[in-house]
Amino acid sequence: MSIVACVAIVMVVASSCASVGSSTEAASSSTGANLDQQRSVGAPFEFGSAAAMVDDEVPEADVGVDPTVPIRTGDTLGDLAESVSVASPTSVLIAGLDIDAPVSPVGIDADGAFDLPPGNEAGWYRFGPVPGSEGSAVLAAHVDWNGVPGAFFNLREATSGDRLTVVYEDGSRLDFEIIRVDQYEKTELPLADLFTREGPPQLALITCGGDFDRATRSYEDNVVVIAIPV
Amino acid sequence: MTLLSRALAATALVAATTFGVSSAAGAQDTSEVYVVHGIPGVDVDVYVNDALTLEGFAPKDIAGPLDLPAGNYDIKIFAAADGPAATAAERTDDAVIDVAPDVPGGANLSVIAHLDGEGAPTLSAFANDVTETAAGEGRVTIRHTAFAPAVDIVAGGAAVPPFTNLTNGNEAKADLPAGDYPTGIAATGTTEVLVEAPVTVAEGTNLVVYAIGDFAGGTLELLTQSFDGLHSAPAAVNAGNSGLLADQTSTSTLLVVGLGAMALLSVSAVAVNRRQV
């Protein structure tokens, strides 16, 4: 047997990550703690005798290689294009519901949940699409926060056909029409659909609703409003 | 001796091997394979199963994905020729690299021609991790495929695990919160940055960085390959902490109860009044 089997050792570690601090702190941390550490070894070919070339156990693949395989010159690290700058949403208005909330870009909190801004502000999920772009853009805001109504206190009153407006940092505006208002138990929230980055543009406005659990200080449901560009 | 002449002087390097992927992945019968040219200074012609597949393939070029059925492939790489022969059998020069790897099914592979730890051309295969990343995170994979000593990735004067003691032919990877990391490359065990390597981790993307070339010869470069669309959704949207909706309900309930009580009192009062009449 002349095959030199160089089996890559791929340590398949559970992909769930320990939560880590803010982006730059994680890398500059002297301990590197909490990084999801995975290492593996490539599979360099070992050079044997010419006889090793003949592999009499695995039949040669008889399928030709597509001659039209795309070729591109790879970027080097310094040449990587800056991510395309898009105009972030800065406020959302639903006149009929007396909603007029500033919007700030947000990400994920320490628990892996949507990192809502405090108070009377709405958060735009900055890793997903901008409202109006392909996929499902998400704006979420509190129904209440520290004893006072939040930016989306009245969102549960929305009805299909209502109009809303998103204003962007470049001053542009885009109107949307509400096509659905749903209430889900939090465990039933269709997160993958609400945060998809594919498909026709839609805007999901999310807040809380339903019964309030005083022990955990949280609502049991989410109220979800789906709107599409007019 | 230049890299080019070294490459051309190399006798045909012959081997057979198995790309490293567990057989569990073999349920599907094809793999996506990328071919990466990581040897500076020499264009090549690549023959797969004797047929000219990549002509004049230049340094830093990335071809793919090739959708390859599982099986054994004969790969021969020659220095690029003008009007190269259509088949490897017709080439009169010696192959720089000549290998016959088994490609498994169901994998995502990058096969890179690069310099080994002695500066000789070689071919390595790496499995690309295209599994989902947690919301808010991206993945960085660093592959040492340069004629260079062992290295650490450093930031803020310290090594960044797991990117330590990386040697030729090996990789390390980690999932990190999306953002900019002002990292650099240092010889293992030191913190002096020899090559700046600032990395931007994009959410839901595996950024693969290959160190290629000859460090001492001044041709070291950091070639990148990105795999995006690995994102996942946040775990929850928790958007209320005060129970005002519940309070609102109980307030109105109290109001109703109160009005009811007042009504009863009124009725009683009327009754009393009547009685008095």
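(A) Summary view of the overall build of chain A. For chain A, the count of helices and strands is two helices and 13 strands. Relative to its 230 residues, chain A shows a buried fraction of 37%. Taking the intrachain contacts of chain A between residues at least 6 apart in sequence as the baseline, contacts between residues at least 24 apart amount to 58%.

(B) Up close: the overall build of chain B. Tallying secondary structure elements over chain B gives two helices and 20 strands in all. For chain B, the proportion of its 277 residues judged to be buried stands at 54%. Residue pairs at least 24 apart in sequence account for 69% of intrachain contacts in chain B once pairs closer than 6 positions are excluded.

(C) Summary view of the pairing of strand 10 (residues 121-127) of chain B. Residue and element names in this part refer to chain B. The buried fraction of strand 10 amounts to seven of the seven residues, a majority that puts the element mostly inside the structure. Residues P121, L123, A125 and A127 point to one face of strand 10 and T122, S124 and F126 to the other, with burial holding for every one of them. As defined by bridge partners, strand 9 (residues 108-115) adjoins strand 10 across seven bridges and the pair is classed as antiparallel. Of the residues in strand 10, the one forming a bridge with L115 is P121.

(D) Examining the sheet that holds strand 13 (residues 158-159) of chain B more closely. Read from one edge of the open sheet, four strands run 13-12-16-17 (chain B), paired in antiparallel fashion. Both outer strands of the open sheet, strand 13 and strand 17 (195-196) of chain B, are each paired with one neighbouring strand and no more.

(E) Representation of the environment of H142(A) within the structure. Looking at the secondary structure, you find H142(A) in the loop between strand 7 (136-141) and strand 8 (144-145). H142(A) gets classed as buried once you count the C-beta atoms within 10 Å, which come to 30. Put simply, H142(A) and L155(A) are 13 residues apart on the chain and 9.8 Å apart in space, counted from C-alpha to C-alpha. Look past the residues within four positions of H142(A) in its chain and what remains in contact with it is L116(A), G150(A), A151(A), F152(A), T207(A), A239(B) and G240(B).

(F) The arrangement of the environment of R197(A) in detail. Within the secondary structure, R197(A) sits in the loop between helix 2 (191-194) and strand 12 (202-213). Note: C-alpha distance between R197(A) and P129(A) (68 residues apart in sequence) is 6.4 Å. Those residues in contact with R197(A), other than ones at most four positions away along the chain, are G128(A), P129(A), G135(A) and H231(B).

(G) Just the sheet that holds strand 7 of chain A, in detail. Residues and elements named next belong to chain A. Read once around its circumference, the closed barrel built from eight strands follows the order 4-5-6-7-12-13-11-10, with strand pairing classed as mixed. Averaged over all adjacent pairs, the angle separating strand axes in this sheet is 35 degrees, with direction ignored. Note that strand 10 (residues 163-168) and strand 11 (residues 173-185) share five bridges and pair antiparallel. Bridging across to strand 11, R163 finds its partner in E177.

(H) Region of interest: the confidence of the model for chain A. Residues and elements named next belong to chain A. Summary statistics for chain A give a mean pLDDT of 77 and a share of 67% for residues scoring 70 or more. The model gives residues 1-41 a pLDDT under 50, and that stretch makes 96 contacts with residues more than four places away or in other chains. This stretch, residues 43-59, has a pLDDT under 50; its non-local contacts, to residues over four places away or in other chains, come to 51 contacts.

(I) Quick peek at the pairing of strand 20 (residues 221-227) of chain B. Bridge count between strand 19 (residues 206-214) of chain B and strand 20 of chain B: seven bridges; the pairing is antiparallel. Among the inter-strand pairings, A211(B) is bridged to a residue of strand 20 of chain B, identified as L222(B).

(J) Spatial organisation of the confidence of the model for chain B. All names here are of chain B. Model confidence for chain B is summarised by a mean pLDDT of 84, while 79% of its residues fall at 70 or above. Across chain B, the secondary-structure element scoring lowest on mean pLDDT is strand 1 (residues 14-18), at 39, and the one scoring highest is strand 11 (residues 137-147), at 98. In this model, residues 1-18 is a region of pLDDT below 50 whose contacts with residues beyond four sequence positions or in other chains number 62 contacts. Scored below 50 in pLDDT, residues 250-277 shows zero contacts in the model against residues more than four places distant or in partner chains. Note on the complex model: pTM 0.77, ipTM 0.75.

(K) Structural context of the environment of L176(B). Residue and element names in this part refer to chain B. Along the chain, the position of L176 falls in strand 14 (residues 170-177). For L176, a count of 25 C-beta atoms within 10 Å puts it in the buried group. When the C-alpha positions of L176 and G157 are compared, they lie 19 Å apart, and in sequence the two are 19 residues distant.

(L) Layout of unusual backbone geometry. Residue and element names in this part refer to chain B. Omega for the bond connecting G64 with P65 falls within 30 degrees of zero, at 5 degrees, which places this linkage in the cis form. Within the secondary structure, P65 is located in strand 5 (residues 61-69). With an omega dihedral of 5 degrees, the bond running from P161 to P162 counts as a cis peptide bond. Residue placement: P162 occurs in the loop between strand 13 and strand 14. Notably, K60 is not glycine yet its phi reads approximately 75 degrees, a positive angle. On the secondary structure map, K60 appears in the loop between strand 4 (51-57) and strand 5. Despite not being glycine, N165 has its phi angle at roughly 50 degrees, a positive value. One can find N165 in the loop between strand 13 and strand 14.

Rules used in this analysis
Residues numbered from 1 in each chain as written. Chains lettered and ligands numbered in written order. Predicted model: local features only at pLDDT ≥ 70, side-chain atom pairs only at ≥ 80, totals over all residues. Helix = DSSP H or I, 4+ residues; strand = E, 2+ residues; numbered from the N terminus. Buried ≥ 20, exposed ≤ 12 C-beta atoms within 10 Å, placed from the backbone. Contact = placed C-beta atoms within 7 Å. Pairing = 2+ DSSP bridges. Axes fitted to C-alpha atoms, helices over the stretch in contact; angles between N-to-C directions. pLDDT = per-residue confidence, 0-100.

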